[in-house]
Amino acid sequence: DNRGEGTLVISFYGGEPLLKQDLIANTVEKYKDKCTFQVVTSGMVNFNKFMDTIYKPNKDIFDVQLSWDGLKTNSRHLLSGVNKTTDIYNLLVENLEKGYNIETRGVISDCNVENWLDMHKTIANLKLKYPNLSADYNLAHQKAFRSSFYKQFDSESKNVLTYIKTSLETEKNAFISQWFLQLIYNILTEEPSLSCDSGNYMCMRPNGELYP
């Protein structure tokens with residue numbers, strides 16, 4: 001991943017990359033003088049250990065992206081069926097309290113689209129207390145959505161935009177994610193509203209095969 005001219009970023013993502021902390025630690029140790037790093041995690045396992053032992057000594061060259069889909073979704077659960085959504089939220093707060101920089105990334109999907117406004121409000125409230133938090137959204141990478149998704153997406157995105165408008169009128173530090181900032185700009189300039197990052201990244205399969 002090239003983020004700016006001459007900058008190489010190695011990104012660890014899953015499945016769940018924190019299952020392989022030894023791999024992350026060894027890679028960082030070997031290449032920390034040549035590039036920066038990012039981890040994209042669900043926070044389901046080993047999150048505190050990773051933050052304290054790998055992120056903390058390398059925080060100047062490490063971005064942490066925590067996939068978090070709101071307090072009302074059941075998208076983060078163990079095989080036993082136990083919902084970990086609240087636990088992950090508590091881990092997020094705990095690590096923000098330590099002063100660690102964390103970005104939450106809400107993946108908008110069938111599981112949580114109806115709770116988008118609630119998730120946005122939760123993040124907005126966190127941002128008021130923790131300036132070391134950043135947040136944005138992604139559309140889920142899947143072949144198809146249930147038929148009701150599109151109507152809910154339309155309704156909830158409008159609800160979030162209305163909430164942002166009200167926040168801008170009443171608050172000094174209104175939270176606007178990059179997603180909605182770009183969307184507002186594109187609407188005002190009549191540009192296409194969504195874009196794709198296809199071709200911007202080089203990925204590696206578990207067998208070492210590389211593909212764009």
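Let me begin by describing the structure that accompanies this report. Computed from a prediction, not measured in an experiment: that's the story for all the values here. All chains use their own residue numbering, which begins from 1 and follows the written sequence. Note on the predicted model: pLDDT of at least 70 is required for a residue's local features to be given, and 80 or more for side-chain atom pairs to be given and counted; whole-chain, interface and lining totals, by contrast, use all residues. Excluding hydrogens and water, the side-chain figures rest on all heavy atoms present in the structure.

Considering helix α2 (residues 47-55)
Only protein chains enter the accessibility calculation, which uses a 1.4 Å probe. A residue is then buried if its area is under 20% of the maximum for its type, exposed if over 50%, and partly exposed in between. Here a strand is any run of E in DSSP of at least two residues, a helix any run of H or I of at least four, and the numbering for each starts at the N terminus. Every buried residue belonging to α2 is among F47, F50, M51, I54 and Y55, and all of these are buried. Taken down its axis, α2 places every buried residue within 110° of arc, on the same side. On its buried face, α2 is in contact with α1 (21-31), β2 (36-41), β3 (62-67), α3 (85-97) and β4 (102-108). Relevant arc is that of directions from the helix axis to the C-beta atoms, nothing else. Should any heavy atoms of two residues lie within 4.5 Å, those residues are considered in contact.

Here we look at the sheet that holds strand β1 (residues 9-12)
Overall, parallel pairing links the five strands, which are arranged β1-β2-β3-β4-β5 in an open sheet. The outermost strands of the open sheet, each flanked by one partner alone, are β1 and β5 (133-139). Neighbouring strand axes in the sheet, compared pairwise and without regard to direction, differ in orientation by 20° on average. Two strands pair when backbone bridges link them, and β1 and β2 are joined in this way by four bridges, in the parallel orientation. From the neighbouring strand, V9 faces β2, where its bridge partner is T36. Inter-axis angles, ranging from 0 to 180 degrees, are taken between N-to-C directions of lines fitted to C-alpha atoms, where helices are fitted over the stretch in contact. Lying over the sheet, α3 contacts β3, β4 and β5, oriented at roughly 155° with respect to β4. Strand pairing requires that DSSP identify at least two bridges connecting the strands.

So, the pairing of β4
Counted residue by residue, β4 has six buried out of seven residues, so it is predominantly covered. Both β3 and β4 contribute to a ladder of three bridges, which runs parallel. Of the residues in β4, the one forming a bridge with L66 is T104. One ladder, built from seven bridges, connects β4 with β5; its direction is parallel. What sits directly across from G106, in β5, is Y137. Every crossover in which the path from the first strand over the helix to the second runs clockwise, viewed with the strands pointing away from the viewer, is termed right-handed. Viewed along the sheet, the connection from β4 through helix α4 (residues 116-129) into β5 turns out right-handed.

A short note on helix α6 (residues 178-189)
Expected span, for any helix, means 1.5 Å times one less than how many residues it has. Given a rise of 1.5 Å per residue, twelve residues ought to cover 16 Å, and the 16 Å separating the end C-alpha atoms of α6 matches this to within 8%. Taken together, the buried positions of α6 are W179, F180, L183 and N186. In an axial view of α6, the angular spread of the buried residues amounts to 125°, which keeps them on one side of the axis. For α6, the elements touching its buried residues are α4, β5 and α5 (149-170). E190 lies just past α6 and shows a positive phi near 60°.

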